[in-house]
Amino acid sequence: GPTGVGKTLVAKKLAKFLFNTEEAFIRLDMSEFKEEHAVAKFIGSPPGYVGYEQGGILTNAVRERPFSVILFDETEKAHPRIMDIFLQILDEGRLTDSRGQTVFFTETIIIFTSNIGTRTTDSSGQPIDELQNFEKIITNDALSHEEKRQQVQEHFVSAVRRFFTREISRPELYNRIGDNNVVPFNPIHTADIQIDVVRSPLRRIGEEVKDRHRAVGYTVCFDDDIAKWLVEKHGKSMSSFGGRGITNAIEDEVIQPLAYA
């Protein structure tokens, strides 16, 4: 889905829901694995190389906490050869590190997040019309809600399939993922959705102020007019940057004035 729509947040909340702690959430930013040799970060350096005894960050994390949610964030930014490591994980549920020790992923939930389907350039830097096609579906008022949902699903499945089969030539990896496991996220583009999303951080700010200043009895309450005003003023930014646009708006309009009050 687009940037800032809560993909990472959903994975974090899933860890909290399933394992009763957000410490069971393992996030790996795939933009750190743009080089082919970066696979050593996952499974550890080969014998004779620096860091061999330390093992890999992925294998070590799963060995220490086998019940966890593992998020591979911004998947499309990794080197295509890095993706080969997931073949064994998704197929057999295990991975052998550089020291020959087998780590089992059978009790983990594995999530890949990506902006595939809303990009303007592909992995080689060539212009593509993914974002344009996605916006056409979202803004088409002739479609019913169910028709939009179905077309958005087909759009993302097609984009993800094209990425794995054509751009990085890894159809065997997409075959292990499957069409049904591609979950699209809609943009935060309508005023009603934006107002609903804004209410949550405003409510959290009120609770934090009340808890922090409980001794002196300070409280902060926000009514719906505040949420509507924020959306009217910053709605365009929210449409473009999703939750991060909301965070920036609340930082400027609410948190900073409160800090100076």
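Details of the structure are given in the entry above.
Let me sum up the structure you'll find in this document.

Parameters at a glance
Residues numbered from 1 in each chain as written. Predicted model: local features only at pLDDT ≥ 70, side-chain atom pairs only at ≥ 80, totals over all residues. Heavy atoms only, no water. Helix = DSSP H or I, 4+ residues; strand = E, 2+ residues; numbered from the N terminus. Buried < 20%, exposed > 50% of the residue type's maximum accessible area, 1.4 Å probe, protein only. Areas by Shrake-Rupley, 256 points an atom, 1.4 Å probe, with all protein chains shown as cover. Lys, Arg positive; Asp, Glu negative; His and termini not counted. Charge placed at Lys NZ, Arg CZ, Asp CG, Glu CD. Phe/Tyr/Trp six-rings, centres within 6.5 Å; stacked < 30°, edge-to-face > 60°. Expected span 1.5 Å × (residues − 1). Bend = angle between axes of the 7 residues up to and from the residue. Contact = heavy atoms within 4.5 Å. Pairing = 2+ DSSP bridges. Arc of directions from axis to C-beta. Polar contact = N/O pair within 3.5 Å; in protein donor to acceptor, adjacent residues only side chain to side chain. Axes fitted to C-alpha atoms, helices over the stretch in contact; angles between N-to-C directions. Patch = residues over 30% accessible without salt bridge, like charges linked within 9 Å, V, L, I, M, F, W, Y side chains within 5 Å. Salt bridge = Lys/Arg side-chain N within 4 Å of Asp/Glu carboxyl O.

### What about the overall build of the chain?
For step 1, the next point in the chain: Looking only at helices and strands, one finds 9 helices and 5 strands in the chain.
For step 2, the next point in the chain: For the chain, the N- to C-terminal ordering of α and β elements is α-β-α-α-β-α-β-β-β-α-α-α-α-α.
For step 3, the next point in the chain: Overall, the C-alpha framework of the chain stretches about 60 × 55 × 30 Å when taken along its three principal axes.
For step 4, the next point in the chain: Taking all 261 residues of the chain together, 39% fall into the buried category.
For step 5, the next point in the chain: Just so you have it, the chain exposes about 15,400 Å², and 49% of that area is on carbon and sulfur atoms.
For step 6, the next point in the chain: Charge-centre separation for the chain: the mean point of 32 positive side chains lies 1 Å from the mean point of 39 negative side chains.

### A few points about the environment of S123
For step 1, the next point in the chain: As for its placement among the helices and strands, S123 is situated in the loop between strand 5 (109-112) and helix 5 (130-138).
For step 2, the next point in the chain: Distance in space between the C-alpha atoms of S123 and I188 is 25 Å, their sequence separation being 65 residues.

### Brief notes about the packing of aromatic side chains
For step 1, the next point in the chain: What the rule picks out here adds up to 10 aromatic pairs.
For step 2, the next point in the chain: Note on F19 and F67: the rings are 6.4 Å apart at their centroids and 70 degrees apart in plane angle, and the pair reads as edge-to-face. Of this pair, F19 sits in helix 1 (residues 7-19) while F67 is found in the loop between helix 3 (57-64) and strand 2 (69-73), placing the two residues 48 residues apart along the sequence.
For step 3, the next point in the chain: A relative accessible area of 23% means that F19 is categorised as partly exposed.
For step 4, the next point in the chain: Classification of F67 as partly exposed rests on a relative accessible area of 47%.
For step 5, the next point in the chain: Each ring, one from F33 and one from F42, has its centre 4.4 Å from the other, and the planes form 10 degrees; the classification is stacked.

### So, helix 9 (residues 224-260)
For step 1, the next point in the chain: Here helix 9 contains 37 residues, and its C-alpha end-to-end distance of 23 Å is more than 12% below the 54 Å for a straight helix at 1.5 Å per residue.
For step 2, the next point in the chain: By the largest-angle criterion, F241 marks the main kink of helix 9, which is about 140 degrees.
For step 3, the next point in the chain: Taken as a whole, helix 9 has its buried residues at A227, L230, V231, H234, G235, M238, G242, G245, I246, A249, I250 and V254.
For step 4, the next point in the chain: Against helix 8 (191-212) lie the buried residues of helix 9.

### Digging into the pairing of strand 2
For step 1, the next point in the chain: Within strand 2, 5 of the 5 residues are buried, which leaves it mostly tucked inside the rest of the structure.
For step 2, the next point in the chain: The two faces of strand 2 match: V69, L71 and D73 on one face and I70 and F72 on the other face are all buried.
For step 3, the next point in the chain: With 5 bridges joining them, strand 1 (residues 25-29) and strand 2 adopt parallel strand pairing. Of the residues in strand 2, the one forming a bridge with F25 is V69.

### Here's the deal with helix 5
For step 1, the next point in the chain: Listed in full, the buried residues belonging to helix 5 are E130, F134, I137 and I138. Each buried residue of helix 5 sits inside an arc of 95 degrees when the element is viewed along its axis, so together they form one side.
For step 2, the next point in the chain: Those residues of helix 5 that are buried lie in contact with helix 6 (145-167).

### Quick notes on the side chain of H234
For step 1, the next point in the chain: The topology assignment puts H234 in helix 9.
For step 2, the next point in the chain: Residue H234 is classed as buried on the basis of its relative accessible area, which comes to 15%.
For step 3, the next point in the chain: Among the polar contacts listed, one links the side chain of H234 to the side chain of E253, at a separation of 3.0 Å.
For step 4, the next point in the chain: Residue contacts for H234: discarding those within four places in its chain leaves A249 and E253.

### Topic: the sheet that holds strand 5
For step 1, the next point in the chain: As summarised here, the arrangement of the 3 strands in space is 1-2-5, forming an open sheet in which the pairing is parallel. The sheet terminates laterally at strand 1 and strand 5, the two strands that pair on one side only. Recorded for the sheet is a direction-independent mean angle of 15 degrees between the axes of neighbouring strands.
For step 2, the next point in the chain: Of the strand pairs in this sheet, strand 2 and strand 5 are connected by 4 bridges, and their pairing is parallel. Bridged to F72 within strand 5 is F112.

### Overview of a nonpolar patch on the surface
For step 1, the next point in the chain: Taken together, the side chains of F17, L18 and I109 define a hydrophobic patch exposed on the protein surface, amounting to about 320 Å² of accessible area.
For step 2, the next point in the chain: One can find F17 in helix 1.
For step 3, the next point in the chain: Given a relative accessible area of 69%, F17 falls into the exposed group.

### Here we look at unusual backbone geometry
For step 1, the next point in the chain: Of note, E74 is a non-glycine position whose phi angle comes to about 55 degrees, a positive value.
For step 2, the next point in the chain: Turning to its location among the elements, E74 is positioned in the loop between strand 2 and helix 4 (85-92).
For step 3, the next point in the chain: Owing to a relative accessible area of 22%, E74 belongs among the partly exposed residues under this scheme.
For step 4, the next point in the chain: Of note in this structure, S169 is not a glycine but carries a positive phi near 55 degrees.
For step 5, the next point in the chain: Looking at the secondary structure, you find S169 in the loop between helix 6 and helix 7 (171-177).

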